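If you want the building blocks of each chain, they are given just below.
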Amino acid sequence: MGSSGGIAYRIVKIGGSAITCKDVPYCFKVSAAKEIAKQIVKATYHGIAPILIHGGGSFGHYEASIVDERTVPRTSHAMLTLNFLVNSLLIKSGLNTYPVPGKFFTVDVTKSIIRQGMILLSLGISCQKVR
């Protein structure tokens, strides 16, 4: 929590298990994600600039659990697929989101996105080390 340059911001972690079906690979809970989007919209009406980060849920964690030479690319693809679904839903809810993969998530990038009146949407990458 905090503020920068007169902008009040809050980091909001959207748990992967909140927006995906835990036991069903690649299952996106649209209704739950829509409810979360409504809450984020309400926060913006109150002058909050949210910084959103979502987990992997049944997308990233499923692929990360299959350890072989393709674990990392499959998991990355799964996370980007979930990010696309989340971003699409947030945009349809009227939010100006800007997806940024976690490896590009920096303070400077974040400040730049917020200054442009957009909402940063990042994602965690969950991978087991491939031996």
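Residues numbered from 1 in each chain as written. Predicted model: local features only at pLDDT ≥ 70, side-chain atom pairs only at ≥ 80, totals over all residues. Heavy atoms only, no water.

S.K.: Quick rundown of helix α3 (residues 57–64)? Include the residues and the values.
M.R.: Counting buried residues in α3 gives six out of eight residues, a clear majority hidden from the surface. Buried within α3 we find Gly-57, Ser-58, Phe-59, Gly-60, Glu-63 and Ala-64. Looking at the buried residues of α3, the elements they touch are α1 (16–19) and α4 (71–92). (Buried < 20%, exposed > 50% of the residue type's maximum accessible area, 1.4 Å probe, protein only. Helix = DSSP H or I, 4+ residues; strand = E, 2+ residues; numbered from the N terminus. Contact = heavy atoms within 4.5 Å.)

S.K.: Tell me about the pattern of salt bridges, and please be specific about residues and values.
M.R.: Two side chains that carry opposite charge are able to pair once their charged atoms sit near each other. Summed over all chains, the structure comprises three salt bridges. Residue Lys-38 is joined to Glu-35 by a salt bridge in which the shortest nitrogen-to-oxygen separation is 4.0 Å. Here Lys-38 pairs with Glu-35, and both are found in helix α2 (residues 30–45), just three residues apart, close to one helical turn. With a shortest N-O distance of 2.6 Å, Arg-74 and Glu-63 are connected by a salt bridge. Highlighted residues: Arg-74 in helix α4 and Glu-63 in helix α3, separated in sequence by 11 residues. The residues Arg-74 and Glu-63 share a single accessibility class, namely buried. Taken together, the shared-partner salt bridges in this structure form one network comprising Glu-63, Asp-68 and Arg-74. (Salt bridge = Lys/Arg side-chain N within 4 Å of Asp/Glu carboxyl O.)

S.K.: Requested: an account of the packing of aromatic side chains, with residues and values cited.
M.R.: Scanning all chains against the criterion turns up two aromatic pairs. In this structure an aromatic cluster arises from ring pairing among Tyr-26, Phe-59 and Tyr-62. (Phe/Tyr/Trp six-rings, centres within 6.5 Å; stacked < 30°, edge-to-face > 60°.)

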